[in-house]
Amino acid sequence: MTTVNVGIIGLGSWGECHVEAYRSLPNVRIAAICDTREERLAEIGDRFGIETRSRYTHYEEMLERSDLDLVSVVTFEKDHLTPTLAALAGCKHVLVEKPITTRLKEAKEMYDAAVRHDRHLLPGHLLRFDPRYMDIHRSIRSGSLGKPVSMYFKRSRQRSLFDTYCRTNTVYELTVHDLDLAIWYADSPVKSVQAYGRHVSGSTAPEVLWVNLEFENGILAVLHSNWMTPDKAGIAINDAVEVIGDTGIAHFETASGGLQVWNNSGRFNPDFHIHHTADGIVYGALREQLQYICNCIVQGTEPSLISFTDAIRVIEAADAIVLSCETGQRIELGCS
Ligand SMILES: NC(=O)c1ccc[n+]([C@@H]2O[C@H](COP(=O)([O-])OP(=O)(O)OC[C@H]3O[C@@H](n4cnc5c(N)ncnc54)[C@H](O)[C@@H]3O)[C@@H](O)[C@H]2O)c1
């Protein structure tokens, strides 16, 4: 096989990024797209030149195609299970966006189906493909920071995005990225969580979430996620990481570096690391992640940089975080 034929289910704001990123890859053909909203399907199909007969409003019909090798599931957070199971049953490899699900039982069902059908099942934990996060992982594994002791992760997004994403608890929407990184870096099961949420506008999901994690190997982590960046500040992504080892520290903050544009509309600090397009060129961790997966499929190699088993641990920890917020208690994993 030299070309990977891809189908994409869900063409919202992030599904569109999948279309852009796949289109930029040399060994990939977007063979089919699907969205339940006909206008959106037509808009994306027309914009990216995808022929009418390759556009679907029902994923079941799309998955009847025998030419699909890989399917991206980019539907609403709580609706990843059925398209994922259907794609695996149709013998397609699947990239399921984060959160893989908001229900632990479903994550295990997906995993079992992937094993049964002998297909790759890959969580959309794309920060493992951002060179800054990758380098910290490499530093930890090489021992250049010494023995890790403490980790801090901050993820802040603009307030207006909360209008859409309050549909999902903040831990599944934002913190899952940091849970995946923390588990990847610590290389140890989570022992306990204690979490605090603040519901600034009264929404079911907290705008501010603080999480303390303790790993079995003694590493401590603090994860702070929020939807509080004022839109007028012009900062798309305001994240930070600090990993402290007994002989070194790795640290970066996204908002303090990079391009600043100041004009009559105000100030804007765009992000180039996650997904960015300029003059038809696509950059970012999403593209790197998709390229990696497609290369693994073409070469018949294991996509060992990503782990669905870790993704299941992420959802286990996320569930414990929700419980801790509700009860005010520290939750021991495996004992709840
Ligand atoms: N990895 C990342 O950094 C990242 C970034 C943004 C979003 N996401 C994730 O991507 C997923 C989608 O987010 P979004 O922002 O694009 O949401 P969105 O609301 O913009 O889009 C969801 C789309 O899915 C379509 N859809 C829903 N059910 C469908 C079905 N059964 N069949 C076909 N289409 C269906 C909807 O019509 C909509 O167009 C979420 O899980 C989100 O958390 C991941």
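The shown structure was predicted, so the numbers you read here are calculated from the model rather than taken from an experiment. Residue numbers run consecutively from 1 along every chain, following the written order of its sequence. Only residues with pLDDT of 70 or above have their local features reported here, since the model is predicted, and side-chain atom pairs are shown and tallied only from 80 upward, although totals for entire chains, interfaces and linings are computed over all residues. The basis for every side-chain value is the complete set of heavy atoms in the structure, and neither hydrogens nor water enter the calculation.

Chemist: Help me out: how do you make sense of the site of the ligand in this one?
Modeler: The criterion for a residue being near a molecule or strand is simple. One of its heavy atoms has to lie within 4 Å of it. Neighbouring the ligand are 26 residues, the closest being Trp14, Asp35, Arg37, Tyr165 and Glu173. Between N or O atoms, a polar contact is any pair within 3.5 Å; within protein, one atom must be a potential hydrogen donor and the other a potential acceptor, and residues adjacent in sequence are included only when both atoms are from side chains. A distance of 3.2 Å separates an oxygen atom of the ligand from a polar atom in the side chain of glutamate 77. Each accessible area is a Shrake-Rupley estimate made with a 1.4 Å probe; only the visible protein chains count as cover when residues are assessed. For the ligand, the accessible surface in isolation is 860 Å², of which the surrounding protein chains cover 88%. Helix and strand definitions here come from DSSP, where helices need a minimum of 4 consecutive H or I residues and strands a minimum of 2 consecutive E residues; each element is numbered from the N-terminal end. Elements that contribute at least two residues to the shell around the ligand include exactly helix 1 (13-23) and helix 8 (170-186).

Chemist: Teacher, can you tell me more about the packing of helix 4 (residues 81-89) against helix 5 (residues 104-117) here?
Modeler: Packed helix pairs are specified by the crossing angle of their axes together with the interaxial distance, meaning the distance between the axes. Direction vectors running N to C along helix 4 and helix 5 enclose 10°, while the axes themselves pass 9 Å from each other. On the basis of the axis angle, helix 4 is roughly parallel to helix 5. Every residue of helix 5 that contacts helix 4 at Leu81, Thr84, Leu85, Leu88 and Ala89 is listed here: Glu106, Glu109, Met110, Ala113, Ala114 and His117. Only Asp, Glu, Lys and Arg are considered charged, only Ala, Val, Leu, Ile, Met, Phe, Trp, Tyr, Cys and Pro nonpolar, and every remaining residue, Gly among them, polar. Per-class residue counts for the contact of helix 4 with helix 5 are 7 nonpolar, 2 polar and 2 charged. Structural elements are reduced to axes, namely lines fitted to C-alpha atoms, with helices fitted over the stretch in contact, and the angle between N-to-C directions of any two is expressed from 0 to 180 degrees. For classification purposes, angles smaller than 35 degrees are called roughly parallel, those larger than 145 roughly antiparallel, those between 65 and 115 roughly perpendicular, and all remaining angles oblique. Any two residues whose heavy atoms approach within 4.5 Å are treated as being in contact.

Chemist: Just checking my understanding: could you explain the side chain of histidine 177 for this structure?
Modeler: You can see histidine 177 is positioned in helix 8. Exposure classes here rest on a 1.4 Å probe applied to the protein chains alone. A residue is buried below 20% of its type maximum, exposed above 50%, and partly exposed in between. The exposure class assigned to histidine 177 is buried, which follows from its relative accessible area of 13%. Ignoring any residue separated from it by four or fewer positions in sequence, one finds histidine 177 in contact with Lys98, Gly124, Leu126, Leu127 and Arg155.

Chemist: When you look at the pairing of strand 9 (residues 208-215) in this model, what are you seeing that I'm missing?
Modeler: Two faces belong to every sheet, and in a regular strand the side chains alternate between them. DSSP-based pairing: two strands are paired if at least 2 bridges between them are found. Here 8 bridges tie strand 8 (residues 190-198) to strand 9, and the two strands are oriented antiparallel to one another. Within the sheet, the bridge partner assigned to valine 193 lies in strand 9 and is leucine 213. Of the strand pairs in this sheet, strand 9 and strand 10 (residues 220-229) are connected by 7 bridges, and their pairing is antiparallel. Bridge pairing links valine 208 to asparagine 226 in strand 10.

Chemist: What exactly am I supposed to notice about the pairing of strand 12 (residues 249-253) here?
Modeler: Only one face of strand 12 is covered, namely the face carrying Ala250 and Phe252; the face carrying Ile249, His251 and Glu253 is uncovered. Linkage of strand 11 (residues 240-245) to strand 12, two consecutive antiparallel strands, is achieved through a turn of 3 residues.

Chemist: Explain the sheet that holds strand 8 to me, please; I cannot follow it from the model alone.
Modeler: In sheet architecture, strand pairing relies on hydrogen bonds along the backbone and comes in two forms, parallel and antiparallel. Read from one edge to the other, the open sheet built from 7 strands follows the order 12-11-7-10-9-8-17, with strand pairing classed as mixed. Each having just a single partner strand, strand 12 and strand 17 (331-332) make up the two edges of the open sheet. Looking at chain direction, strand 7 (residues 148-158) and strand 10 are connected through 8 bridges and run parallel. What sits directly across from methionine 151, in strand 10, is alanine 221. Strand contacts of helix 8: strand 7, strand 8, strand 9, strand 10 and strand 11, with the helix running at about 155° to strand 7, the strand carrying the most contacts. Taken strand by strand, helix 10 (residues 308-327) contacts strand 8, strand 9 and strand 17, and its axis lies near 50° from that of strand 8.

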